[in-house]
Number of protein chains: 6
Amino acid sequence: MPYVNIRITREGATSEQKAELIRGVTRLLQDTLGKNPETTVVVIDEVEMDCWGIGGMPVAEFRQRGS
Amino acid sequence: MPYVNIRITREGATSEQKAELIRGVTRLLQDTLGKNPETTVVVIDEVEMDCWGIGGMPVAEFRQRGS
Amino acid sequence: MPYVNIRITREGATSEQKAELIRGVTRLLQDTLGKNPETTVVVIDEVEMDCWGIGGMPVAEFRQRGS
Amino acid sequence: MPYVNIRITREGATSEQKAELIRGVTRLLQDTLGKNPETTVVVIDEVEMDCWGIGGMPVAEFRQRGS
Amino acid sequence: MPYVNIRITREGATSEQKAELIRGVTRLLQDTLGKNPETTVVVIDEVEMDCWGIGGMPVAEFRQRGS
Amino acid sequence: MPYVNIRITREGATSEQKAELIRGVTRLLQDTLGKNPETTVVVIDEVEMDCWGIGGMPVAEFRQRGS
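Residues numbered from 1 in each chain as written. Chains lettered and ligands numbered in written order. Predicted model: local features only at pLDDT ≥ 70, side-chain atom pairs only at ≥ 80, totals over all residues. Heavy atoms only, no water.

Participant: Can you tell me about the sheet that holds strand S1 (residues 3-9) of chain B, naming the residues and giving the values?
Facilitator: On the basis of which strands lie adjacent, the open sheet formed by eight strands has the order S4(D)-S3(D)-S2(B)-S1(B)-S1(C)-S2(C)-S3(E)-S4(E) and mixed pairing. The sheet is open, and its two borders are formed by strand S4 (57-58) of chain D together with strand S4 (57-58) of chain E, each paired with just one other strand. Docked against the sheet, helix H1 (residues 15-33) of chain B engages S1 and strand S2 (41-47) of chain B, strand S1 (3-9) of chain C together with strand S3 (52-54) and S4 of chain D, running at close to 135 degrees with respect to S2 of chain B. Packed onto the sheet, helix H1 (residues 15-33) of chain C meets S1 of chain B, S1 and strand S2 (41-47) of chain C together with strand S3 (52-54) and S4 of chain E and runs at close to 135 degrees relative to S2 of chain C. (Pairing = 2+ DSSP bridges. Helix = DSSP H or I, 4+ residues; strand = E, 2+ residues; numbered from the N terminus. Contact = heavy atoms within 4.5 Å. Axes fitted to C-alpha atoms, helices over the stretch in contact; angles between N-to-C directions.)

Rendered as structure tokens:
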């Protein structure tokens, strides 16, 4: 019965990759905690690059800095 | 003073339907817990179909399967 | 297939009141958007008073101010 | 190591303003709690106007009412 | 740089099981989308049973019903 | 009208520090985007140490590793 929210930057993840995330995390919860996959909900949010910050700056700038 | 986040798949909900959700859930919190409607915040997120998973698969596939 | 997160301050909501919220919001989504109640998930978060802010101050102070 | 989610209505915030929010909230967490800015994550969600409710109505209507 | 929020009912998950979830979902994001594990954040929320609803009722009641 | 959710590990933040976070982030949104402080909501979540992961491991282990 878990709810999982995966938030990533919007950088072209395909529907196949999203389906793989959904399948993988649902299986992980079943294997680790015995959670029922039938009622496991997974929601993926793709966030615009300029809306994601880390290290006190937008992620694009953070990556350029070489961190 | 509650905050309510309603997450649904993006399938053409109209502004009128969203207004109805906002009105309905605000009233529910007032009737059930006496919460002040003036400071009740409701945010609706519409999620792309391929970003929503249930039963270990994307929701479109889940529905076709007849569940 | 919606997911609803209701966040309120922790002030003694009973299990009966929570059940009423769950029932009410699930029905609202069914009546307004035709959402399947069987797969509607509702999660209620009770937040400590000193962790909830509005108007730039903790909610207890905000209420005393008479707003 | 904090995670901060800032949700605002979509009304034309620029990338510069978003960068200012990211910088400001990261610094605030460092100054107030000593949190490491390097691992502070900030995500800004811009929400469509008709998806944001307050006072039991969509925010556009709420503002017109003069509240 | 992803952020993952896993929400489960509070039913005695151990620290070892939580560590397994953290490890597993971080690896999944690396394998599927090439995400950097160093900056992947995972937060697990354990929710009280009477705060979790599915099928229009608290989860304990839902399970008894045999669904 | 913004909603801000600050998630930190539970490590003894005081009510005064939380009030400072609430005041600071509300002011930041007013200064940067002209947001009305009266309707800005801030919710702080304190998360148990073993429920927070980074770098594929619980945060306590991550810190010991010297990252």
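Here the narrative resumes.
Participant: So what about the nonpolar core? Which residues, and what values?
Facilitator: Counting residues in each nonpolar core, the largest one holds 133 residues, and the members touching the most others are Ile6 of chain A, Ile6 of chain B, Ile6 of chain C, Ile6 of chain D, Ile6 of chain E together with Ile6 of chain F. When residues in this core are grouped by element, the largest group, six residues, is from helix H1 (residues 15-33) of chain A. (Core = buried A, V, L, I, M, F, W, Y, C linked by side-chain atoms within 4.5 Å. Buried < 20%, exposed > 50% of the residue type's maximum accessible area, 1.4 Å probe, protein only.)

Participant: How would you sum up the interface of chain A and chain E? Please name residues and give values.
Facilitator: If you look at the interface, chain A gives 27 residues, while chain E gives 27 residues. For the pair chain A and chain E, the summed buried area comes to about 2,300 Å², and 73% of that belongs to carbon and sulfur atoms. Taken together, chain A and chain E are joined by two salt bridges. Its salt-bridge partner being Lys35 of chain A, residue Glu11 of chain E comes within 3.5 Å of it at the nearest N-O pair. Summed over the shared surface of chain A and chain E, the result is seven residue pairs in polar contact (both at pLDDT 80 or more). Broken down by secondary-structure element, the contributors of at least two residues to the side of chain A that touches chain E are strand S1 (3-9), H1, strand S3 (52-54) and helix H2 (59-64) of chain A. When residues of the side of chain A that touches chain E are assigned to their parent elements, the largest contribution, nine residues, is made by H1 of chain A. (Buried area = accessible area lost by both parts, 1.4 Å probe. Salt bridge = Lys/Arg side-chain N within 4 Å of Asp/Glu carboxyl O. Polar contact = N/O pair within 3.5 Å; in protein donor to acceptor, adjacent residues only side chain to side chain.)

Participant: Describe the relation of the copies chain C and chain E, listing the residues and the values that go with them.
Facilitator: Rotating chain C by 120 degrees and moving it 0.0 Å along the rotation axis overlays it on chain E with an RMSD of 0.0 Å. The superposition operator between the copies reduces to a three-fold rotation axis. Taking the C-alpha atom as reference, chain C places Asp45 of chain C closest to the rotation axis, 5.8 Å from it. (Least-squares fit on C-alpha atoms with pLDDT ≥ 70 in both.)

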